[in-house]
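Summary of structural features
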2 protein chains.
Amino acid sequence: MKPNVLIIGAGGVAHVVAHKCAQNNHRLGELHIASRKLEKCHRIVESVYSKGSMKMPGHFQTHSLDAMNVAATVQLIRDTKAGIVINVGSAFLNMSVMSACIETGAAYIDTAIHEDPSKVCEPPPWYANYEWKRREECDRAGITAILGCGFDPGVVNAYARLAKDDYLDEIDSLDIIDINAGKHGHYFATNFDPEINFREFTSTVWSWQNSQWQAAKMFEHKQTWDLPVVGQQATYLTGHDEIHSLSHHLGIPDIRFWMSFGEHYINVFTVLNNLGLLSEKPVVTAEGQEIIPLKVVKAVLPDPASLAPRYTGKTCIGSLLKGRKNGEEREVFIYNVCDHKQTYEEVGSQAISYTAGVPAVAAALLIADGTWNVRRMVNVEELPPQPFIALMNEIGLPTQVIDSAASGTSPVEVIDAADTLRS
Amino acid sequence: MKPNVLIIGAGGVAHVVAHKCAQNNHRLGELHIASRKLEKCHRIVESVYSKGSMKMPGHFQTHSLDAMNVAATVQLIRDTKAGIVINVGSAFLNMSVMSACIETGAAYIDTAIHEDPSKVCEPPPWYANYEWKRREECDRAGITAILGCGFDPGVVNAYARLAKDDYLDEIDSLDIIDINAGKHGHYFATNFDPEINFREFTSTVWSWQNSQWQAAKMFEHKQTWDLPVVGQQATYLTGHDEIHSLSHHLGIPDIRFWMSFGEHYINVFTVLNNLGLLSEKPVVTAEGQEIIPLKVVKAVLPDPASLAPRYTGKTCIGSLLKGRKNGEEREVFIYNVCDHKQTYEEVGSQAISYTAGVPAVAAALLIADGTWNVRRMVNVEELPPQPFIALMNEIGLPTQVIDSAASGTSPVEVIDAADTLRS
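Residues numbered from 1 in each chain as written. Chains lettered and ligands numbered in written order. Predicted model: local features only at pLDDT ≥ 70, side-chain atom pairs only at ≥ 80, totals over all residues. Heavy atoms only, no water.

1. Quick notes on the overall build of chain A
Here is the rule we go by: Counting from the N terminus, the helices are the DSSP runs of H or I reaching at least four residues and the strands are the DSSP runs of E reaching at least two. Taken over C-alpha atoms, the radius of gyration is set against a globule rule of 2.2 Å times the number of residues to the power 0.38. Per-residue accessibility, obtained with a 1.4 Å probe over protein chains only, is compared with the maximum for each type, and a residue is labelled buried under 20%, exposed over 50%, and partly exposed between these values. For every accessible area listed, the method is Shrake-Rupley and the probe measures 1.4 Å; residues are considered covered only by the protein chains on display. Positive charge is attributed to Lys and Arg, negative charge to Asp and Glu, and no charge count is given to His or to the chain ends. Each charge is placed at NZ for Lys, CZ for Arg, CG for Asp and CD for Glu.
Tallying secondary structure elements over chain A gives 16 helices and 19 strands in all. Taken over the C-alpha trace, chain A has a radius of gyration of 21 Å; the compact-globule value for 423 residues is 22 Å, and the two agree within 12%. In terms of principal-axis extent, the alpha carbons of chain A reach across some 60 × 55 × 40 Å. Going through the 423 residues of chain A one by one, you find that 59% of them count as buried. Accessible surface for chain A amounts to roughly 16,000 Å². Of this, 48% is attributable to carbon and sulfur atoms. Charge separation in chain A, taken as the distance between the mean sites of 36 positive and 49 negative side-chain charges, equals 4 Å.

Rendered as structure tokens:
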């Protein structure tokens, strides 16, 4: 029986999830999308129909929902008979949507950790702050909850697990490398909601070194890589959810997350941050109006959803693992390259939203066919990676592997290593 | 008889005006200061007493006043028996304060042109937009109205007039050079109210070339000078009120205003401006709150009045004139150098406020003793410059002159000339 899917959220990632669910509605059943802003749901469903994304005739219904309201979410899950909920709304909604899934027995999928709106950025241990406290509840209810199943976290976790299963006996280090080599043509824009985007960079950067958390400042550690397709790219050490779950589940002593930033982005970010304009704490104007500066910055920046039509270039996101197999040193880089223009032509989204949304739908399909229907709370690296990777090869995110055992050289050359983080 | 003085405004320049009036209260009589924010007036008068600025025992009274309200301002002028009003409040107040002076017969002094709060920046012809339309009213009422009597406009106008009277028969060009070589120690700050400060730079830059207005963009024309005391300084062509009155009254074919900016200032300004954060047009946040971005930028920046204690270094502001005397080529640079730390020690203000405030008080003293009590509306270059310059030598702003007829060389070397503006 097809499960029916309820998508929560109506932003850029929800747009991709809606299209991919539609392309696979013969396996997923009836589709529903719910957000506080019904108008945004309408626009997404219109786009699904106008692109001809529905694989077979079927329902795709829109709903108005405040997903902070658990009772209302429970009611909607029951009304829609949704067996799977894909939560791609704000990061503040995870706990309330999870509660509704536990109460109704629906499977739960999200793409990032829960955040508290009153904090700038959650400190580690990230999954342990909210999600993992509810493992037993999920066990008892027998619901499948797949945490962090976008690209990163998500696919990069599966890549790390694949390396452990197939390429390396012992792993010394994992470097997750996230490159957006695309151009949006604006003076400045963020690819996600600026409120979420900047929160990632305004506080302490946490990495996992020698099996311990290590603090750094944003833009303190720069490393330049020579990567497939996108070439030489400067990246900076950044904190990211999956460092926590991967360190816990795979026991790798060094895990780092590297994100690409151009000089211009860093300059604009630095100016805004130093002036206090990225603060989530209210200020009072001379006229006595109270306002959160970050919300004003968000208001003047381009809507991330508006970037897609002009976006060109590619993303390259992957996991670089170093260790040994049968006593021999070995390195493997497992990655995907995604093209902004192609994803726009296919579903009307840029590659950043596309790479985040497609894996969540792959997870839904693997729950629907039983492969990943584990009836407990898991991170992606706890699940068998092969069927996930094989399915993504089919539905738009093909995986590539460069293996030093085959090539004879390091799969990714470091052009300019971060001083204190050589490995 | 001493005239009694009413100061309108309670910002950085008003602070200096209050101290300088107090230092000369034996010639000015009773002193009054009025602002919408009474608390700010109290703080200024406290500072006057704590610095021992009162020359002789006397009154210095504070008043709460909305100077947009002409009737209230008329009433206050009558109540205080003020013979001279020094308007150093917001640039939006000029017309209403002038109306109150015309009605009561009090002399009027300001330091910058009137502005309409709904416009980003007044276009030329600046004085003709508001002030000069009221010349006949002032004539009929027989009131002395001295326009633009800060340093620039103000003292630089007197310098140009001095050059015309004493140094040159024919003048080809006037370059007004305004250098702040001081350091305030903050990541970024403006020296005046950010709302006024940025308005000067966010729209078209107007200069007077070949006896016509010429438009440019801000930071389009850079010129580096080697100046006395402050040394090599990069400046940018900027629009400024006095270009208009000086072109009208002195008939000089080329008049340009150059202001110093560091690379860091330009970078921060450019980022904020390109993002739309310097706009005076309201934006709406995702939560539906309407807000003017520039007011938020103002709220996060340091209060200009708070900069003084840490300010070090000097300003150098002057007029460079080129032409001929008795058929011989001649150049003269007439300027003042002012020290941030010294002005802070004297009156608790940095040099930018000091250089703007002292000339207005010099004008009040010259009205009080009859020298400048012309009973009509004038710009500073219409008045005899010698008594003004002599008085400022005494009260804190000494004038220096470098004359090519004496030195044999150009008084100010241009290190790097703006391409399209060589002269």
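Having seen the structure, we can now continue with the description.
2. Observations regarding the sheet that holds strand E1 (residues 5-8) of chain A
Residues and elements named next belong to chain A. Under the convention used in this document: Two strands make a pair as long as DSSP finds a minimum of two bridges between them. Geometry is summarised by axes, namely lines fitted to C-alpha atoms with helices restricted to the contacting stretch, and by angles between N-to-C directions that run from 0 to 180 degrees. In what follows, residue pairs with any heavy atoms lying within 4.5 Å of each other are defined as contacts.
Here we have 7 strands laid out as an open sheet, ordered E3-E2-E1-E4-E5-E6-E17, and parallel in their pairing. Two strands in the sheet have a free side with no partner beyond their single neighbour: strand E3 (60-64) and strand E17 (377-379). If you compare each strand with its neighbour and ignore which way they point, the axes differ by 20° on average. Strands E1, strand E2 (31-35), E3 and strand E4 (84-87) of the sheet are contacted by helix H4 (residues 70-80), whose axis makes an angle of about 150° with E1.

3. Things to note about the pairing of strand E10 (residues 222-227) of chain A
Side chains on a regular strand alternate between the two faces of the sheet. All names here are of chain A. Taken together, the 6 bridges between E10 and strand E11 (residues 231-237) define a ladder with antiparallel strand orientation. From the neighbouring strand, Thr224 faces E11, where its bridge partner is Ala234. Hairpin connection, E10 to E11: the antiparallel pair is bridged by 3 residues, and Val229 has positive phi, about 65°. Examined bridge by bridge, E10 and strand E19 (residues 413-416) share 3 bridges and lie antiparallel to one another. By the bridge assignment for E19, Asp226 is matched with Glu413.

4. Side note on the UniProt feature "domain: Saccharopine dehydrogenase-like C-terminal" (unreviewed entry) in chain A
Rule in force here: UniProt positions are given in the numbering used here, feature names are shortened, and annotations may be inferred rather than shown by experiment.
According to UniProt, the feature "domain: Saccharopine dehydrogenase-like C-terminal" (unreviewed entry) maps to residues 150-396 of chain A in the numbering used here. Secondary structure across residues 150-396 of chain A comprises 35% helix and 29% strand; the distance between its end C-alpha atoms is 14 Å.

5. Details of the packing of H4 of chain A against helix H5 (residues 94-104) of chain A
Residue and element names in this part refer to chain A. Let me state the cut-off plainly: Put simply, angles under 35 degrees are roughly parallel, angles over 145 are roughly antiparallel, angles from 65 to 115 are roughly perpendicular, and the rest are oblique. For any helix crossing, the convention is left-handed if the near helix is rotated counterclockwise from the far helix by under a right angle, and right-handed if that rotation is clockwise. Classification used: nonpolar for Ala, Val, Leu, Ile, Met, Phe, Trp, Tyr, Cys and Pro, charged for Asp, Glu, Lys and Arg, polar for all others including Gly.
The interhelical angle for the contact between H4 and H5, taken along N-to-C directions, is 50°, at an axis separation of 9 Å. Here H4 lies oblique to H5, going by the angle between them. Of the two elements, H4 crosses H5, and the hand of that crossing is right-handed. In this structure, H4 uses Val70, Thr73, Val74, Ile77 and Arg78 to contact H5, whose residues at the interface are Ser96, Ser99, Ala100, Cys101, Glu103 and Thr104. Broken down by class, the residue content of the contact of H4 with H5 amounts to 5 nonpolar, 4 polar and 2 charged.

6. Some points on the relation of the copies chain A and chain B
For clarity, the threshold we go by: The copies were overlaid with a least-squares fit restricted to C-alpha atoms from residues scoring a pLDDT of at least 70 in each copy.
Laying chain A over chain B is done by rotating through 180° and shifting 0.1 Å along the axis; what remains is an RMSD of 0.0 Å. Look at the turn and shift together and you get a two-fold axis relating the two. Looking at chain A, 100% of its interface residues are interface residues in chain B too, so the copies touch through the same face.

7. Focus: the side chain of Arg134 of chain B
Residue and element names in this part refer to chain B. Defined as follows: Whenever two N or O atoms come within 3.5 Å, that pair is a polar contact, provided that in protein one can donate a hydrogen and the other can accept it, and provided that, for residues adjacent in sequence, both atoms are side-chain atoms.
By the element assignment, Arg134 lies in the loop between helix H6 (126-129) and helix H7 (135-141). The exposure class of Arg134 is buried, given its relative accessible area of 12%. Only 2.8 Å separates the side chain of Arg134 from the side chain of Ser99, close enough to count as a polar contact. Discounting residues that sit within four places of it in the chain, Arg134 has contacts with Met95, Met98, Ser99, Ile102 and Met377.

8. Remarks on the pattern of salt bridges
The condition that has to hold: Any carboxyl oxygen of Asp or Glu that lies within 4 Å of a side-chain nitrogen of Lys or Arg is treated as forming a salt bridge with it.
For the structure on display, the rule yields 38 salt bridges over all chains. Close ionic contact of Asp193 of chain B with Lys298 of chain B constitutes a salt bridge, the shortest N to O distance being 3.3 Å. Residue Asp193 of chain B is located in the loop between strand E7 (170-180) and helix H9 (194-199), and its partner Lys298 of chain B is located in helix H12 (residues 293-300); the two are separated by 105 residues in the primary sequence. Overall, the relative accessible area of 29% leaves Asp193 of chain B in the partly exposed class. Judged by relative accessible area, which is 23%, Lys298 of chain B ranks as partly exposed. A network of salt bridges, in which partner residues are shared, links Asp193, Glu195, Lys295 and Lys298 of chain A together with Glu287 of chain B.

9. Quick word on the domain arrangement of chain A
All names here are of chain A. To be explicit about the condition: Each domain's extent was defined by an automatic or database domain assignment. Using a 1.4 Å probe, buried area is obtained as the accessible area two parts lose upon being combined, added over both of them.
Taken domain by domain, chain A consists of domain 1 (5-150 + 351-395) and domain 2 (155-345 + 399-421). Once you take the C-alpha centre of each, domain 1 and domain 2 turn out to be 23 Å apart. Facing 37 residues of domain 1, the contacting portion of domain 2 comprises 40 residues. Both sides of the domain 1 and domain 2 interface together cover about 3,100 Å² of buried area, and 65% of this is carbon and sulfur. The interface formed by domain 1 and domain 2 contains 0 salt bridges. Sorting the residues of the side of domain 1 that touches domain 2 by element identifies helix H6 (126-129), helix H14 (351-368) and helix H15 (385-395) as the ones contributing at least two each. Residue composition of the side of domain 1 that touches domain 2, by class: 24 nonpolar, 6 polar and 7 charged.

10. Things to note about the interface of chain A and chain B
Taken residue by residue, the interface counts 29 residues in chain A and 29 residues in chain B. When the buried area of chain A at its contact with chain B is split by residue, Tyr187, Leu275 and Val300 of chain A rank highest and sum to 25% of it. The interface formed by chain A and chain B includes 2 salt bridges. Close ionic contact of Lys295 of chain A with Glu287 of chain B constitutes a salt bridge, the shortest N to O distance being 2.8 Å. The interface formed by chain A and chain B contains 5 residue pairs in polar contact (both at pLDDT 80 or more).

11. Some thoughts on the environment of Ala305 of chain A
Residue and element names in this part refer to chain A. By the element assignment, Ala305 lies in the loop between helix H12 (293-300) and strand E15 (314-325). A residue is classified by how much of its surface remains accessible, and Ala305, at 53% relative accessible area, is exposed. Separated by 90 residues in sequence, Ala305 and Ala215 have C-alpha atoms that sit 33 Å apart.

12. Some details on the sheet that holds strand E6 (residues 145-147) of chain B
Residue and element names in this part refer to chain B. The parallel open sheet is built from 7 strands, whose spatial order is E3-E2-E1-E4-E5-E6-E17. Strands with a single pairing partner mark the edges of an open sheet, and in this sheet they are strand E3 (60-64) and strand E17 (377-379). Pairs of neighbouring strands in the sheet enclose a mean axial angle of 20°, with direction left out of account. Strands in contact with helix H1 (residues 12-23) are strand E1 (5-8), strand E2 (31-35), E3 and strand E4 (84-87); relative to E1, the strand with the most contacts, it is inclined by about 165°.

13. Regarding the packing of aromatic side chains
Cut-off, in case you're wondering: Stacked, tilted and edge-to-face pairs are distinguished by plane angle, under 30 degrees for stacked and over 60 for edge-to-face with tilted covering the rest, among Phe, Tyr and Trp rings (Trp via its six-membered ring) whose centres lie within 6.5 Å. In our convention, an over-ring charge means Lys NZ or Arg CZ found within 6 Å of a ring centre and within 35 degrees of that ring's normal.
Taken as a whole and assessed by the stated rule, the structure comprises 30 aromatic pairs over all chains. Relative to Tyr159 of chain A, the ring of Phe151 of chain A lies with its centre 6.0 Å away and its plane at 75°, an arrangement referred to as edge-to-face. Between Tyr127 of chain B and Trp132 of chain B the ring centres are 5.8 Å apart and the planes differ by 20°, which places this aromatic pair in the stacked class. Each member of the aromatic cluster is reached from another via a ring pair, and the members are Phe188, Phe198, Phe219, Tyr236, Phe261, Tyr265 and Phe269 of chain A. Here Arg135 of chain A stacks its cationic end above the ring of Trp132 of chain A, 4.3 Å away from the centre of that ring.

14. Some points on the pairing of strand E15 (residues 314-325) of chain B
For E15 of chain B, the tally of buried residues reaches 10 of 12 residues, placing the bulk of the element in the interior. The antiparallel hairpin formed by E15 of chain B and strand E16 (residues 328-339) of chain B contains 2 residues in its connecting segment, where Asn326 of chain B sits at a positive phi of about 50°.

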